[in-house]
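Read off the chains here:
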Amino acid sequence: MDTDTLASTARLTLRLHREGDLGRLVSIYSRPDVARYLLEEPWTVESGRAQLARRLGRTDLAEPVAALALVVEREGSVIGTVSLWRTEQERRTLEIGWTLDPEHGGRGYAGEAVAAALQLAFARDDVHRVTAQMDARNTSSARLAARVGMRQEAHHRQDFWSKGEWTDTLVFAMLADERLPQQGETGK
């Protein structure tokens, strides 16, 4: 494994961002169908450079306010991203977010990557809870959260102003003792 690879599955590698990822990330995040439910507008090369610069510094979860930004690779090609970050409200809580290139959708890659990232998060002794918040219209992400074992805790109505309109937010969560056992582990 490369030194920047933090997790792998049978089909995927989750690793830290690299400078050379810019073109592939821009090709994913510049798509209107990808950016629709994200906080930012579709990326340009310029905004992609700024986003990548931030992500290059998000390399671990050791600090009280820290973040880990990972690319998801399939056979050496970047097909998406998964990020974990500590919330300021509670240091033992992380939030997770993900994006997958729609060209690679429908094959279980997003669920596989998110499950691997959750295992990575809960491998830390100081993580009690992981949450995911998403635009309620993003039914694919809501289904994915449920599929990896997260439970829906809330549906906030018109609580967030995004891209010129009020949007609903879904909140999913998983506790450390609810996570799925890793291969080779026994259940509790």
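Residues numbered from 1 in each chain as written. Predicted model: local features only at pLDDT ≥ 70, side-chain atom pairs only at ≥ 80, totals over all residues. Heavy atoms only, no water.

1. Quick notes on the pairing of strand 7 (residues 129-135)
On a regular strand, one side chain projects to one face of the sheet and the next to the other, so that they alternate.
Reasoning step 1: Across the seven residues of strand 7, five count as buried, placing the element largely inside the fold.
Reasoning step 2: Pairing geometry for strand 6 (residues 93-100) and strand 7, over three bridges, is parallel. Bridge pairing links Leu94 to Val130 in strand 7.
Reasoning step 3: Assessed by its sense of winding, the connection that carries the chain from strand 6 through helix 4 (residues 109-122) to strand 7 is right-handed.
Reasoning step 4: Where strand 7 and strand 9 (residues 165-175) come together, seven bridges link them in antiparallel fashion. Bridging from a neighbouring strand, Thr131 pairs with Ala173 of strand 9. (Buried < 20%, exposed > 50% of the residue type's maximum accessible area, 1.4 Å probe, protein only. Helix = DSSP H or I, 4+ residues; strand = E, 2+ residues; numbered from the N terminus. Pairing = 2+ DSSP bridges. Right-handed = clockwise from strand over helix to strand, strands pointing away.)

2. Structural notes on helix 5 (residues 139-147)
An α-helical turn contains 3.6 residues, so a residue and the one three or four places further along point in the same direction.
Reasoning step 1: Of the positions making up helix 5, those classed as buried are Ser141, Ala142, Leu144 and Ala145. Across the axial projection of helix 5, the buried residues extend over an arc of 160°, all falling on one side.
Reasoning step 2: Each element contacted by the buried residues of helix 5 is listed here: strand 6, helix 4, strand 7 and strand 9.
Reasoning step 3: Directly after helix 5, the chain includes Gly149, whose backbone phi takes a positive value near 100°. (Arc of directions from axis to C-beta. Contact = heavy atoms within 4.5 Å.)

3. A short note on helix 1 (residues 22-29)
Reasoning step 1: Listed as buried for helix 1 are Leu22, Leu25, Val26, Ile28 and Tyr29. Here the buried residues of helix 1 occupy an arc of 160° about the axis, which is enough to place them on one side.
Reasoning step 2: Those residues of helix 1 that are buried lie in contact with helix 2 (32-35), helix 3 (45-56), strand 4 (67-74), strand 5 (77-86) and strand 6.

4. Remarks on the pattern of salt bridges
Reasoning step 1: Under the counting rule described, the total for this entry stands at 16 salt bridges.
Reasoning step 2: In this structure, the salt-bridge partner of Asp4 is Arg18, at a minimum N-O distance of 2.7 Å. Taken as a pair, Asp4 in the segment before strand 1 (5-8) and Arg18 in the loop between strand 2 (13-16) and helix 1 lie far apart in primary sequence, 14 residues in all.
Reasoning step 3: The buried category is assigned to Asp4, whose relative accessible area is 15%.
Reasoning step 4: The salt bridge involving Glu73 is made with Arg15; its shortest N-O contact spans 2.9 Å. Here Glu73, found in strand 4, pairs with Arg15, found in strand 2; they are 58 residues apart in sequence, far enough to count as distant.
Reasoning step 5: Classification of Glu73 by relative accessible area gives buried; the value is 13%.
Reasoning step 6: Among the charged side chains, a network of salt bridges with common partners joins Arg24, Arg31, Asp33, Asp101 and Glu103. (Salt bridge = Lys/Arg side-chain N within 4 Å of Asp/Glu carboxyl O.)

5. A few points about the pairing of strand 2
Reasoning step 1: Alignment of strand 1 against strand 2, held across three bridges, turns out to be antiparallel. Opposite Ser8, over in strand 2, you have Thr13 as the bridge partner.
Reasoning step 2: Hairpin connection from strand 1 to strand 2: four residues lie between these consecutive antiparallel strands.
Reasoning step 3: Across four bridges, strand 2 lies against strand 4 in antiparallel orientation. Following the sheet pairing, Leu14 is matched in strand 4 by Val72.

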